Amino acid sequence: MNYEPTLEFARRLDEADPLRALRQRFALPRGGRGEPFVYLCGHSLGLMPLAARELVLEELTDWAQLGVLGHEHARRPWIPYHENLRDGLAQLTGARPAEVVAMSSLTVNLHLLLAAFYRPSGTRRRILIEAGAFSSDRHAVASQIAWRGLDPQEALVELAPAAGADTIPQETIEAYLEEHGAEVALVLWPGVQYRTGQAFDLAGIARAAHRAGCVAGFDLAHSIGNMPLALHDIDADFAVWCSYKYLNAGPGAVGGCFIHERHDRPHLAGWWGHEAATRFEMRPEFHAAAGAAGWQISNPPILSAAPLIASLALFEQAGLQRLRQKSVALTGYLEHLLDRLAPDVELLTPRAVDSRGCQLSVRIKGPNGRGQRVFDALTTLDVIGDWREPDTIRLAPVPLYNTFSDAFHGAQALAQALRLEP
Ligand SMILES: Cc1ncc(COP(=O)(O)O)c(C=O)c1O
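Residues numbered from 1 in each chain as written. Predicted model: local features only at pLDDT ≥ 70, side-chain atom pairs only at ≥ 80, totals over all residues. Heavy atoms only, no water.

In this approach a probe as big as a water molecule rolls over the atoms, and the regions it shows empty are the leftover space. Evaluation of the coordinates by the stated rule reveals one cavity of 30 Å³ or more. When its volume is computed, the largest cavity comes out at roughly 30 Å³. Every residue along the wall of the largest cavity is listed here: R23, L28, P29, P36, F37, Y39, L47, Y401, N402 and D406. Taken together, the residues that form the lining of the largest cavity break down as seven nonpolar, one polar and two charged. (1 Å grid on protein atoms, 1.4 Å probe; cavity = no way out; pocket = protein on both sides within 12 Å on 5 of 7 lines; lining within 4 Å. Points joined across faces, edges and corners; volume = space filled by probe spheres on them. Nonpolar A, V, L, I, M, F, W, Y, C, P; charged D, E, K, R; others polar.)

Scanning the entire structure with this criterion turns up 13 aromatic pairs. Summarising the aromatic geometry, the rings of W271 and F280 are spaced 5.6 Å apart at their centres and angled 80° between planes, so their arrangement reads as edge-to-face. With a centroid separation of 6.2 Å and an interplanar angle of 50°, the aromatic rings of Y333 and F404 are classed as tilted. Of this pair, Y333 sits in helix α11 (residues 320-339) while F404 sits in helix α13 (residues 404-420), placing them 71 residues apart in sequence. Just as Y333 is buried, F404 falls in that class too. Here the aromatic cluster, defined as three or more aromatic residues joined through ring pairs, consists of Y3, F9, Y333 and F404. (Phe/Tyr/Trp six-rings, centres within 6.5 Å; stacked < 30°, edge-to-face > 60°. Helix = DSSP H or I, 4+ residues; strand = E, 2+ residues; numbered from the N terminus. Buried < 20%, exposed > 50% of the residue type's maximum accessible area, 1.4 Å probe, protein only.)

So, about the pattern of salt bridges. Following the criterion strictly, the structure yields 24 salt bridges and no others. R351 is the salt-bridge partner of D339, the closest N and O atoms lying 2.8 Å from each other. Of this pair, D339 sits in helix α11 while R351 sits in the loop between β9 (345-347) and β10 (360-364); the two residues are twelve residues apart in sequence, bridging distant segments of the chain. A salt bridge links E346 to R363, with the shortest nitrogen-to-oxygen separation between them at 2.8 Å. One end of the pair, E346, is in strand β9; the other, R363, is in strand β10, and 17 residues separate them in sequence. Here R363 falls in the buried class, since its relative accessible area comes to 15%. Connected through salt bridges with shared partners, the residues D166, E346, R363, K365 and D391 form a single ionic network. (Salt bridge = Lys/Arg side-chain N within 4 Å of Asp/Glu carboxyl O.)

If you want it as structure tokens, here you go:
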């Protein structure tokens, strides 16, 4: 597309946007001037769907009016509450409904799945992750290795970009597995890297992992609701995610996981994973419910799951294909505008649309401390992104609620912040 760096052009794109009405379905936080922020931070915390408030209020009302009877008689009964989320999550992840479940939280789910899928034996003991992985993922993996009496120094392999590069070529991952796969028990890879915004070809990683006899697990924190996913078809073994970023389910919202239907393996258990028909017989033996539902441990957090129902309805209304189309155009427009700020800024995120979602990671060039000052100035201009040490501002125009005008105002404010902090 031929983009023009003017507000008139951005407004024309907004007018032509078939999804533009969805923005009104979200609460838009406002800055000191009373205007909505230019909110480009859905990669960290998505905005609140207005319907989330009603849904949470309905649960509170049912609790107030029904007490314990709400488990069966709430308007959405609490016992099978996860079923309200199943189809929407399956759509977003490209899974069969029985392969996904909303439960617990991201890192806890990662532990639960590693407990079942990481089976070091003989010389096949390693877990392969990316260098610079999100700290919680690394802590989970290192502690799982140590938990089994192995040494993370030896068994945790972190694949780094080449010297001077920010991103890891897909071939590097596949080549590593080709060469050393026999020593790798499990690959844990992000769908989108949180710091750089690089998206990976998960099908290629799953194929390479399986060719080498390894388990392929994915952390989709920055992918779900952002990128097209096809977990079933690519034969992923497992995946985990959170719902507070692109899924707009609110701070600390219920997480989720995918377990491919071909896996029926022992796993850590709790009463909510027991088959529903006999769960309340409270027998000592555990009979797992079919599919991912059998991996549940505890009864679902209704108040942190209700907003996700509201958000999934908006995804359904928008249609994943239309969302992705808008996302590519919107992020492309922001990229175009940010490129005009070179050499003060440099994009870390890949240029190829298949190698990124909507997040753009922008390196602020210049002396030490400039990036942080520019970021602070940007915030005072009511543009909300976030800061990652040592030099990066992350900005994500989210197709559900951001506009082309947001991209324009965000880039214009960054230009101003750069002038304020030379
Ligand atoms: C990639 C990744 N992994 C793990 C986490 C931690 O998530 P939680 O605190 O929900 O376990 C996050 C949170 O942002 C994340 O982005």
